[in-house]
Amino acid sequence: MTKLKLFTLFLSIISSNLIFWPSAGVSALNGYEFQPGRIIDDGVFFNGNDMSSTQVQSFLNSKLSACDSQGSKPYAGTTTGAYGSSKGYPPPYTCLKDFSMMTYSIGPDAYCNGFTGGSKTAAQIIYEVGLSCGINQKIILITLQKEQSLITDDWPWSLQYTKATGYGCPDSALNISVDANQNGCYDETEGFLNQVYYGARQFKRYAKDSHIFTQYRAYRNNYIQYNPDDTTLDGTPACGGTNVYIQNQATSGLYVYTPYQPNASALNNLYGTGDRCSAYGNRNFWRLFNDWFGNPLSLPYSASFKRVSNAPILGPTVEGTVWFDFQNTGVNFWKDEASRLPGYPITRLAGTWPINRVSSFAHPTWYNESRPTYVFRKVFQSDGTTLSSDQHTVHPGQIARFELKVKQPISMPGGIYRENFEVVQDGIIGWQMHGGYAWQNVLVPEPFKAEFKKVSPPANIKPGQVGKISFDFKNTGTHFWKDEASRLPGYPITRLAGTWPINRSSKFVHPTWYSPNRPTYLFSKVFQSDGTTLSSDQHTVHPGQIARFEFVVQYPDGGINDGAYKENFEVVQDGIRNWWTSGGYAWQSVNVTR
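An account of the accompanying structure is given in this report. Remember, it's a predicted structure, so these values are computed and weren't measured experimentally.

**Brief notes about the nonpolar core**
Right, so step 1: Ranked by size, the top nonpolar core spans 60 residues in total, and within it Phe45, Leu96, Leu144 and Phe192 carry the most contacts.
Right, so step 2: In terms of residue count, helix 9 (residues 192-208) provides more of this core than any other element does, seven residues in total.
Right, so step 3: Setting aside anything within four residues of it in sequence, one finds Leu144 in contact with Leu96, Ile126, Ser149, Leu150, Ile151, Ala164, Thr165, Phe192 and Val196.
Right, so step 4: Grouped together as the second largest cluster of nonpolar side chains are 28 residues, Phe549, Ile560, Tyr565 and Val592 included.

This is the structure we're talking about:
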C-alpha cells in the first residue's frame, strides 16, 4: 500500500476520524446513500457468528498479498526500515494476516462469554471475540482498519497493535498514572487481545446499558456534531451539526464510540478529505462495510440460523422434541400467535424443501401439518443465553427458539430422516424469510424388524399326506406385533408370507391357509425372550419376545415330481404402506416322495 503513515496521526486528537484510505478502484457507492440515523442494522452488527476463523483468515489474506517485514519500500527518502527506526519502531514488522500471540483467558461477564487463552492467530482472536460478545467479526475487522489501518498496512508498527481498536485510548491526553507507557491508552487496555476483546465488549455494553450511555440514544432525536470544533473561540465559524433520529442500537453505539457524523463535504469526497469541519470515522466505517462486505442494512424480515437441538430418537410410544434457534437479522420485529397485532405478520416455523412441505412426523400439537409451531418457546438476547423480558416478541438482534414435538408414524421404516424447516411471516406478501432455513435428523429405529431363531425339521409328504413346518422369529423392532385374533383398528396384522419373490404362492397350499401366499395369520405360540417360557398374551408379540408361525403343507393336487423343494417365507405387516418386516426371512425344505 502507499504509505500515509505519519507518527503524529496516531497521537492526533481525532485520529480515528482523520485516517482514510484511497479507493482501490472506481466505486459505485455515493455519499447521498449514507443515512446518519441508520449506518448499520442491529441484525448485521450483533451477528457474532457471521464469519468463521477460516473466513476471517481468508479475508485478511485477500486484502494484503505480501508483508513488507523489513520496511523496504522507500519512504520520505529514507533507506530500509530507517523511518520506522527513527520513530522508535524498527523492523521486522508483522502484518495482521501473519500475526499471532500467546493469549490469556478472560472470564465471562454480563456482556461477553469470556475468552480461552492459548496461542492464537489474529483471525482466531477476531472470530472467538465476535462469537463471545455477539459482535459481527466484520465489525471488528472494519474497526481495526478504521482506527489503525491494520488490515491493509504492509509494515505496521507495534503501536498499531497496542491501540488496535482505539478502545481506552481517548482523544484527550492521559496522565502518567494511567498511561505509564505514554502511548495514549489506559495501560489495562493496551495490546491486541485487550483492544479487540474490550472494544467489542464495549459495543455490547452500549446496548445493554443504554440507560447509562444517554448522549446518543436509539429511537429518538440526538444532536450530533460534524466535528469536535463546535465553538467560535478561535474566530472561525462553528462547524455545527444536526438533529438525527437514530433508528437502532448499532448506530447508537457507533456514535458513542466515534461521536461525529460526516458533513456534506466529507460525503461528496468519499475516498478523500472534505473541509475543516469534516470528520471521517463513521463515514469510513460505512464506506468500508459497503466496499468489503456489501450493504450493511438488513432486509425487513431476515433470519440467521444459530443452533439446533440433538437429533431425537423415536419409538412407538416415544415422542421426540426438536428445537431451532434463529436470530432476527432483519429490521422488523417478529410476533408469535400469543402477541399478534392486527395486520402484522405472525412468525411461524414451516416445513420446507419444498416450502409448506407436510412432515411425516406431524404431532397433534402442531398448528397444522406444515406449521409445527406458532409460539416462541424462548426469546433470548443476542448472546443466546439471557432471556428477553418479552417472550413473544423478537426484536432485531434477538434470538427466537422454535420448539416442536415429533412422533413416528406406524408405517415408517427405520432410518435417518432429514426434516427441513424455515422461518416464515404468515399473513403478508413475500412471507418467506431470507436466510431462515435449517434442518435436523430424526432417528427412527426399525419399527417392524425380526430375527430368525429356529425352524422345525423338513416336512416329508406323499400323495394324500400333510406335513407341518414352524418358524420362530424374535421381534427385534420397536413396535409390537398383532395377529388376526387381537387386531387393532388401523394397526397392521402380522402374518407369514411366501417370498422370493414376495407374495409368492406356494405349491403346497393347505385349506387352512389364509391365502395361497399367506400360510398363517395366527401365532401358534408366543414366548418370552428365552424362547421357552410362554407369554401371558398369546396374540401379541412385544419387542424382545418370540413368535412361532406353524402351518400345514399338503401334497399338491395334480401331483409333483419327487424331490426337495425349498420354501421361502418372511414376516410381513399387512395393512400399512411399508408392510415388510426387516430381517424376518427364513426357509425350509419340503421333501416329496411317491
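So, next bit.
**Concerning the state of the cysteines**
Right, so step 1: Summed over all chains, the structure comprises four disulfides.
Right, so step 2: Between the sulfur atoms of Cys239 and its disulfide mate Cys277 the distance is 2.0 Å. Across the disulfide from Cys239 to Cys277, rotation about the S-S bond amounts to roughly -80°, and the bridge is consequently left-handed. With Cys239 in the loop between strand 3 (220-225) and strand 4 (241-246) and Cys277 in the loop between helix 11 (264-268) and helix 12 (281-293), the pair connects residues that are 38 residues apart, well separated along the chain. Of the two residues examined, Cys239 and Cys277, each falls in the buried class.
Right, so step 3: The connectivity of the disulfide-linked cysteines in the protein, indexed sequentially, is 1-2, 3-4, 5-6, 7-8.

**Description of the environment of Ala218**
Right, so step 1: With respect to the secondary-structure elements, Ala218 resides in the loop between helix 9 and strand 3.
Right, so step 2: Accessibility expressed as a relative area gives 13% for Ala218, which makes it buried.
Right, so step 3: Placed eleven residues apart in sequence, Ala218 and Ala207 show a C-alpha to C-alpha distance of 9.4 Å.
Right, so step 4: Excluding its chain neighbours within four sequence positions, the residues that come into contact with Ala218 are Ile246, Asn248, Gln249 and Ser252.

**Things to note about the packing of helix 6 (residues 122-133) against helix 9**
Right, so step 1: In contact at an axis separation of 10 Å, helix 6 and helix 9 are set at 25° when each is read in the N-to-C sense. Taken together, the axes of helix 6 and helix 9 lie roughly parallel to each other. Viewed along their axes, helix 6 and helix 9 form a crossing whose handedness is right-handed. For the pair formed by helix 6 and helix 9, the contact residues are Ala122, Ile125, Val129, Ser132 and Cys133 on the first element and Phe192, Leu193, Val196, Tyr197, Ala200, Arg201 and Lys204 on the second.

**A short note on helix 6**
Right, so step 1: When the terminal C-alpha atoms of helix 6 are compared, their 16 Å separation across twelve residues agrees well with the 16 Å that a helix rising 1.5 Å per residue should span.
Right, so step 2: Looking at helix 6, one finds that the buried residues are Ala122, Ala123, Ile125, Ile126, Val129, Gly130, Ser132 and Cys133.
Right, so step 3: The inward-facing, buried residues of helix 6 abut helix 4 (53-63), strand 1 (100-103), strand 2 (118-121), helix 7 (137-148) and helix 9.
Right, so step 4: Just beyond helix 6, the residue with positive phi is Gly134, at close to 70°.

**A few points about the packing of helix 7 against helix 12**
Right, so step 1: Packing of helix 7 against helix 12 brings their axes to within 10 Å, and their N-to-C directions diverge by 125°. The pairing of helix 7 with helix 12 is recorded here as oblique in orientation. In this structure, helix 7 crosses over helix 12, and the sense of that crossing is right-handed. From helix 7, Lys138, Ile139, Leu141, Ile142, Gln145 and Lys146 reach across to helix 12, where they touch Gly281, Phe285, Leu288, Phe289, Trp292 and Phe293.
Right, so step 2: Residues of the contact of helix 7 with helix 12, tallied by class, amount to eight nonpolar, two polar and two charged.

**A short note on the pairing of strand 13 (residues 432-444)**
Right, so step 1: For strand 12 (residues 415-426) and strand 13, the ladder comprises nine bridges, and the chain directions are antiparallel. Across the sheet, the residue bridging to Tyr417 is Val442, located in strand 13.
Right, so step 2: Counting the residues in the hairpin turn of strand 12 and strand 13 gives five residues, including Gly427, whose phi is positive at 110°.

**Some remarks on the sheet that holds strand 12**
Right, so step 1: Here three strands make up an open sheet; going across it, the order is 8-12-13 and the pairing antiparallel. The outermost strands of the open sheet, each flanked by one partner alone, are strand 8 (346-351) and strand 13. In this sheet, neighbouring strand axes are inclined to one another by 25° on average, regardless of whether the strands run parallel or antiparallel.
Right, so step 2: Summarising the sheet, strand 8 and strand 12 pair through six bridges and their orientation is antiparallel. Along strand 12, the bridge assignment pairs Leu349 with Val423.

What counts, and at which threshold
Counting restarts for each chain, with residues numbered from 1 along the sequence as it is written. Local features in this predicted model are restricted to residues of pLDDT 70 or higher, and side-chain atom pairs are both shown and tallied only at a pLDDT of 80 or more, whereas totals for entire chains, interfaces and linings draw on every residue. Side-chain measures here rest on the full set of heavy atoms in the structure, leaving out hydrogens and waters. Working definition of a nonpolar core: buried Ala, Val, Leu, Ile, Met, Phe, Trp, Tyr and Cys residues. They are joined through side-chain atoms within 4.5 Å. Type-normalised accessible area, obtained with a 1.4 Å probe on protein chains alone, sets the label of each residue: buried when under 20%, exposed when over 50%, and partly exposed for intermediate values. A run of H or I in DSSP counts as a helix once it spans at least four residues, and a run of E counts as a strand once it spans at least two, with each numbered from the N terminus. Only heavy atoms matter for contacts: two residues are in contact if any of them lie within 4.5 Å across the pair. We call a pair of cysteine sulfur atoms a disulfide when they lie within 2.5 Å. Helix axes use the C-alpha atoms of the stretch in contact, all axes being lines fitted to C-alpha atoms, and the angles between their N-to-C directions lie in the range 0 to 180 degrees. Working rule for angles: under 35 degrees goes down as roughly parallel, over 145 as roughly antiparallel, 65 to 115 as roughly perpendicular, anything else as oblique. Here a crossing is taken to be left-handed if its near helix is turned anticlockwise relative to the far helix by less than a right angle, and right-handed if that turn runs clockwise. Helices are assigned an expected span. That span is 1.5 Å times one less than the residue count. All residues other than Ala, Val, Leu, Ile, Met, Phe, Trp, Tyr, Cys, Pro, Asp, Glu, Lys and Arg, Gly among them, are scored as polar; the first ten of these are nonpolar and the last four charged. Two strands qualify as a pair provided that DSSP identifies no fewer than 2 bridges between them.

By themselves, these figures tell us nothing about what the structure is for.
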